[in-house]
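Descriptive analysis of the structure
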Amino acid sequence: MRDPAARGRTDTASLVVAARPDAVYRAFADPDALMAWLPPESMTGRVLDYDFREGGRYRVELTYEEAAPSGGGKTTERTDVSTGRFLSLEPGKRIAQSVEFESSDASFAGEMVMTWSFEPLPAGTRITITAENVPPGISQADHDAGLRSSLENLARYLG
């Protein structure tokens, strides 16, 4: 049996947005909407393939607008391409998806699972991202900053 610690770490981030859970869910369902908010600060995004249904596959490219952080992007010097599938879709409640980076660097290999949970609150919705099995090539500080940036972008998009 494989050592659970060898599977990678789990990162989380959370933010309350002033929107209902069904509006948050819709921001994921449309690929153009997704690219309006998902890319973290200093990146742009492009959907290469997007089949938003349980079991559906996707492929997304994020590009650094300027020079990438030290070490460059995961796929090329300036890009991160990720592929995956939608594991579970619960409208207005939860989205679970697999994520794999296209990279020749083994430190980015493996399947990460990202779960986006939507909790209704009087002031809107608490969105919580849980990323399991984060590849060791992604520093925790960079991942935390990227997750926070995407959440803040989503809050602005929904505002």
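Scroll up to find the structure.
Reading the values: rules and limits
- Residues numbered from 1 in each chain as written.
- Predicted model: local features only at pLDDT ≥ 70, side-chain atom pairs only at ≥ 80, totals over all residues.
- Heavy atoms only, no water.
- Helix = DSSP H or I, 4+ residues; strand = E, 2+ residues; numbered from the N terminus.
- Rg over C-alpha atoms; globule rule 2.2 N^0.38 Å.
- Contact = heavy atoms within 4.5 Å.
- Areas by Shrake-Rupley, 256 points an atom, 1.4 Å probe, with all protein chains shown as cover.
- Lys, Arg positive; Asp, Glu negative; His and termini not counted.
- Charge placed at Lys NZ, Arg CZ, Asp CG, Glu CD.
- Polar contact = N/O pair within 3.5 Å; in protein donor to acceptor, adjacent residues only side chain to side chain.
- Salt bridge = Lys/Arg side-chain N within 4 Å of Asp/Glu carboxyl O.

**Some thoughts on the overall build of the protein**
When its secondary structure is counted, the protein shows three helices and seven strands. From first element to last, N terminus to C terminus, the protein shows the α and β order β-α-α-β-β-β-β-β-β-α. What you see for the protein is a C-alpha radius of gyration of 15 Å, in line with the 15 Å of a compact globule of 159 residues. Counting contacts in the protein only where the partners sit at least 6 residues apart, residues at least 24 apart contribute 52% of the total. Accessible surface for the protein amounts to roughly 8,500 Å². Of this, 49% is attributable to carbon and sulfur atoms. Within the protein, the 24 negative side-chain charges are centred at a point lying 4 Å from the centre of the 17 positive side-chain charges.

**Quick look at the side chain of Asn153**
Mapped onto the fold, Asn153 is located in helix H3 (residues 140-158). In terms of polar contacts, Asn153 uses its side chain to reach the backbone carbonyl oxygen of Trp37, at 3.2 Å. Aside from chain neighbours lying at most four places away, what touches Asn153 is Trp37, Pro39, Pro40 and Glu41.

**Comments concerning the pattern of salt bridges**
Under the definition given, this model contains 10 salt bridges. One salt bridge in this structure joins Arg46 and Glu61, with 3.0 Å as the shortest N-O distance. Pair noted here: Arg46 is in strand S2 (residues 43-50) and Glu61 is in strand S3 (residues 57-64), with a separation of 15 residues, a long-range link. Residue Arg94 pairs with Glu90 through a salt bridge whose shortest N-O separation is 3.0 Å. The structure contains a network of salt bridges with shared partners spanning Arg20, Asp22 and Arg26.

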